Amino acid sequence: MGGDRAQPGAMILGVGGNLPARVVTNQDLTQWMETSDAWIVERTGIRARRWISEDTGASELAVPAVKQALERASARLEDVECIIFATLSPDHHFPGSGCFLQQHLGLPGIPALDVRNQCSGFLYGLSIADAWIRLGQYRRVLLVGAEIHSTGLDLSTAGRDVTCLFGDGAGALLLGPSEAGRGVLATRLHADGRYAKSLWIEAPNSRAVPARLTHAMLDEGKHFTRMNGRHVFTMAVSRMPEVIHEALSASGHELSELALFVPHQANQRITEAVAAQLGLPEEKVFSNIETIGNTTAASIPLALRDAEDQGRLKRGDLVVLASFGAGFTWAASVVRW
Ligand SMILES: CC(C)(COP(=O)(O)OP(=O)(O)OC[C@H]1O[C@@H](n2cnc3c(N)ncnc32)[C@H](O)[C@@H]1OP(=O)(O)O)[C@@H](O)C(=O)NCCC(=O)NCCS
């Protein structure tokens, strides 16, 4: 047995995903902002993303993803012992989206934890799920990543750098104790709050006196995501290869054994730069950003679902998951599929 496990850790029993039906192409964005399909495709690899078209919380978008994960795991809803919900766009400021999801699923009483680690939220959540299962605290953990970005995007030209990237989506895993050496072998997590404001939303904020949301804040667009794109890019392409090597080394495995690299789908250029640094050929790198954009905490489970559907994940494959995002936070997990 390689990796960090004193006791068997978490194995992925089933994966699911859900996207809103509304497709928003790069051409569609040109009705609101000065941009072009060519610019967005060249800089990001994104051609379209999905946005909700009516009031829907991240917790509601997650429900079909959860049902698909349970179905693929041949599990029943009643088997779920706890919920971990990763999101940067919770339904409401509080309580957490995990509580709302629990209500939609009809599972009163089980614990529901929200994880607020942006693009790395899903891997932070995976690490918690793995630890709980390893401790024997829970045997069936529902891990969800879900985002509604579309209602928080600046559709004017001032927001075009951010708006062209993000889409809505939800993904879910059902996790249980590992069997036959499968599952999470090692995870490494990092954060560096010195750069918290390189990718953030300033308002509403509870530190502002006299009020956390004012007309002035709205007029200044402080409720929209702001990003220093170049800073994010340069940090992502250096931190992701580092944490991947770190997690691989903790797992006792080598890059040459890797069957598939499934990165957080931040931006196709970041994925390609990281893969190039690792020396990975295209066929070992998974990407689905072209049609769904960056879905933050949902992107890794959605990528796993699509990779499984495309026959690119086979039982026993060594898989590396990695992320980088706001905080800054970054993480990698080595998984035996
Ligand atoms: C956002 C990103 C694509 C911008 O590309 P870039 O080459 O760094 O571009 P810059 O930010 O330097 O901007 C260059 C110009 O393009 C413009 N631009 C930005 N977004 C644009 C868009 N969607 N369409 C057209 N032009 C755009 C800028 O306004 C700027 O114009 P200016 O020179 O007149 O000021 C790039 O920085 C990036 O990919 N960063 C990583 C972001 C990321 O992955 N975030 C998610 C992390 S989870």
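The following refers to the structure shown. (Residues numbered from 1 in each chain as written. Predicted model: local features only at pLDDT ≥ 70, side-chain atom pairs only at ≥ 80, totals over all residues.)

1. Digging into the site of the ligand
Here is step 1 of the chain: With respect to spatial proximity, 21 residues lie near the ligand, and among them Thr 35, Arg 160, Asp 161, Gly 229 and Asn 267 are the closest.
Here is step 2 of the chain: Grouping the amino acids of the shell around the ligand by side-chain chemistry returns 10 nonpolar, 6 polar and 5 charged.
Here is step 3 of the chain: Domain assignment of the residues forming the shell around the ligand places at least three in each of domain 1 (10-180) and domain 2 (184-336). (Near = placed C-beta within 6 Å. Nonpolar A, V, L, I, M, F, W, Y, C, P; charged D, E, K, R; others polar. Domains from an automatic or database assignment.)

2. Some details on the sheet that holds strand β13 (residues 329-336)
What holds strands together in a sheet is hydrogen bonding between their backbones, with the strands either parallel or antiparallel.
Here is step 1 of the chain: On the basis of which strands lie adjacent, the open sheet formed by 4 strands has the order β8-β13-β12-β11 and mixed pairing. In this open sheet, the two edge strands, each paired with only one partner strand, are β8 (183-191) and β11 (260-263). If you compare each strand with its neighbour and ignore which way they point, the axes differ by 15° on average.
Here is step 2 of the chain: Taken together, the 4 bridges between β11 and strand β12 (residues 318-325) define a ladder with parallel strand orientation. Residue pairing in the sheet places Pro 263 in a bridge with Ala 322 of β12. (Pairing = 2+ DSSP bridges. Helix = DSSP H or I, 4+ residues; strand = E, 2+ residues; numbered from the N terminus. Axes fitted to C-alpha atoms, helices over the stretch in contact; angles between N-to-C directions.)

3. Description of unusual backbone geometry
Here is step 1 of the chain: Cis geometry marks the peptide bond from Phe 94 to Pro 95; its omega dihedral reads -5°.
Here is step 2 of the chain: If you trace the backbone, Pro 95 turns up in the loop between β4 (82-86) and α4 (97-105).
Here is step 3 of the chain: With an omega of 0°, the peptide bond running from Ala 203 to Pro 204 counts as cis.
Here is step 4 of the chain: Note that Pro 204 resides in the loop between β9 (199-200) and α7 (215-219).
Here is step 5 of the chain: A positive phi angle, near 50°, is found at Gln 118, a position not held by glycine.
Here is step 6 of the chain: A positive phi is found at Thr 296, a non-glycine position, where the angle reads about 50°.
Here is step 7 of the chain: The topology assignment puts Thr 296 in the loop between α10 (289-292) and α11 (299-309).

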